[in-house]
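If you want the building blocks of each chain, they are given just below.
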Amino acid sequence: MPNTIFPEKVKRISKEGQEQVLAGYVLDSILIKRKPKDAIVLMGITEKDLFPLPEWNYVFGLASYEDGVGVASIYRFADGQLTDSNFNKSLLRLIKISSHEIGHMFGISHCLNANCVMNGTNSLSETDYHLARACSLCQRKLNSSIHYDNKKRLLELKNFFEKQHLNTELSLSQQDLNLVQ
Ligand SMILES: [Zn+2]
Ligand SMILES: [Zn+2]
């Protein structure tokens, strides 16, 4: 969707000079309305920087577990301007943080089992260290709550990571796929 979807009253210019969007508006006025009846989760991603409340400088994202909607911004993940050279690193951070929030919306809590997308994080360097992949235990939790086709999911993940040139995640999904085949 184009950025013109945000009305003036939910936008502001930050101290650093870029335009920001009120995160709660994205949940309440964009995502909840568009969430299909049979969807468990609808996750929005945006290039615009987000803020949660007037007194806050920014936020990476915001979610409502009750409504099953969330939004995350790629803006802060580039450590500056988003360019061709830092795009993949920024995209990977966005995928990790969005997947983690989606995991919570499926009722999965923080993971202590292995290096996993559901590990709790306090900083971007921790996010960089954690893998985008759910560990075997978290994959089983997910699969016990919605009985999806595990092989099909892994194959689709593998194709996605291949297309995005995310090589660590590509080889991990290949490894997982080899185990179920
Ligand atoms: Zn968490
Ligand atoms: Zn896990």
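Fair warning: this is a prediction, and the values are worked out from it, not measured in the lab.

Trainee: Could you clarify how one ought to interpret the sheet that holds strand 4 (residues 49–51) in this entry?
Mentor: Note: strands within a sheet are paired through backbone hydrogen bonds, in either parallel or antiparallel orientation. Spatially, three strands are ordered 1-2-4 in an open sheet, and the strand pairing comes out mixed. Each edge of the sheet is formed by a strand with only one pairing partner; in this case those strands are strand 1 (11–13) and strand 4. Taken pair by pair, the neighbouring strands of this sheet meet at an average axis angle of 40 degrees, ignoring direction. When strand 1 meets strand 2 (residues 19–22), the two strands line up antiparallel, connected through three bridges. Paired with K11 across the bridge in strand 2 is V21. Most of the contacts of helix 1 (residues 23–34) go to strand 2, to which it runs at about 50 degrees, and overall it touches strand 2 and strand 4.

Trainee: Hey, could you run me through the coordination of the zinc ion (ligand 2) in this one?
Mentor: As a benchmark, a tetrahedral metal site with four donors has ideal angles of 109.5 degrees, while an octahedral site with six donors has ideal angles of 90 or 180 degrees. Within the protein, the zinc ion (ligand 2) binds to C111 (SG), C116 (SG), C135 (SG) and C138 (SG); these donor distances fall in the range 2.3 Å. Around the zinc ion (ligand 2), the four donor atoms sit at angles spanning 106 to 113 degrees, and that spread fits a shape best called tetrahedral. Taken in chain order, the donor set of the zinc ion (ligand 2) reads C-x4-C-x18-C-x2-C. The same class applies to C135 and to C138, which are both buried.

Trainee: Help me understand the coordination of the zinc ion (ligand 1), please; the structure alone is not making it clear to me.
Mentor: At this site the zinc ion (ligand 1) is bound by H100 (NE2), H104 (NE2) and H110 (NE2), with donor distances of 2.0 to 2.1 Å. For the zinc ion (ligand 1), the single-chain donor residues occur in sequence as H-x3-H-x5-H. Here the residue H100 occupies a position in helix 2 (residues 87–105), and H110 occupies one in the loop between helix 2 and helix 3 (124–129), the gap between them amounting to 10 residues. Accessibility expressed as a relative area gives 47% for H110, which makes it partly exposed.

Trainee: For this particular structure, what's the right way to read the environment of G107?
Mentor: Within the secondary structure layout, G107 lies in the loop between helix 2 and helix 3. Relative accessible area serves as the criterion here: at 64%, G107 is assigned to the exposed category. A sequence separation of 34 residues divides G107 from K141, and the C-alpha atoms of the two residues are 9.0 Å apart.

Trainee: Would you take a moment to explain the domain arrangement of the protein for this structure?
Mentor: Think of interface size as the accessible area that goes away when the parts come together; that is how it is often given. Along its sequence, the protein is organised into domain 1 (3–147) and domain 2 (148–181). Taken together, the contacts link 13 residues of domain 1 with 14 residues of domain 2. It is N88, R133 and Q139 in domain 1 that bury the most area against domain 2; as a group they hold 39% of the surface buried on that side. D176 is the salt-bridge partner of R133, the closest N and O atoms lying 2.7 Å from each other. Applying the counting criterion to the domain 1 and domain 2 interface returns seven residue pairs in polar contact (both at pLDDT 80 or more). Looking at the side of domain 1 that touches domain 2, the element that brings in the most residues is helix 2, giving five residues. Here the side of domain 1 that touches domain 2 is built from residues that sort into seven nonpolar, four polar and two charged.

Trainee: Which parts of the structure should I look at to understand the sheet that holds strand 3 (residues 42–46)?
Mentor: Strand order in the open sheet made by the three strands is 3-6-5, with mixed pairing throughout. Either end of the sheet is taken by a strand with one partner, and the two such strands are strand 3 and strand 5 (61–64). Strand-to-strand, the axes of this sheet are offset by a mean angle of 10 degrees, without reference to chain direction. Both strand 5 and strand 6 (residues 69–73) contribute to a ladder of four bridges, which runs antiparallel. Bridging from a neighbouring strand, A63 pairs with G70 of strand 6. Contacts between helix 2 and the sheet are confined to strand 3, strand 5 and strand 6, with strand 3 contributing the most and set at about 160 degrees to the helix.

About the thresholds
Residues numbered from 1 in each chain as written. Chains lettered and ligands numbered in written order. Predicted model: local features only at pLDDT ≥ 70, side-chain atom pairs only at ≥ 80, totals over all residues. Heavy atoms only, no water. Pairing = 2+ DSSP bridges. Helix = DSSP H or I, 4+ residues; strand = E, 2+ residues; numbered from the N terminus. Axes fitted to C-alpha atoms, helices over the stretch in contact; angles between N-to-C directions. Contact = heavy atoms within 4.5 Å. Donors = N, O, S within 2.8 Å, 3.2 Å for Na, K, Ca; no water. Tetrahedral: all angles 85-135°; square planar, octahedral: opposite > 155°, others 65-115°. Buried < 20%, exposed > 50% of the residue type's maximum accessible area, 1.4 Å probe, protein only. Domains from an automatic or database assignment. Buried area = accessible area lost by both parts, 1.4 Å probe. Salt bridge = Lys/Arg side-chain N within 4 Å of Asp/Glu carboxyl O. Polar contact = N/O pair within 3.5 Å; in protein donor to acceptor, adjacent residues only side chain to side chain. Nonpolar A, V, L, I, M, F, W, Y, C, P; charged D, E, K, R; others polar.

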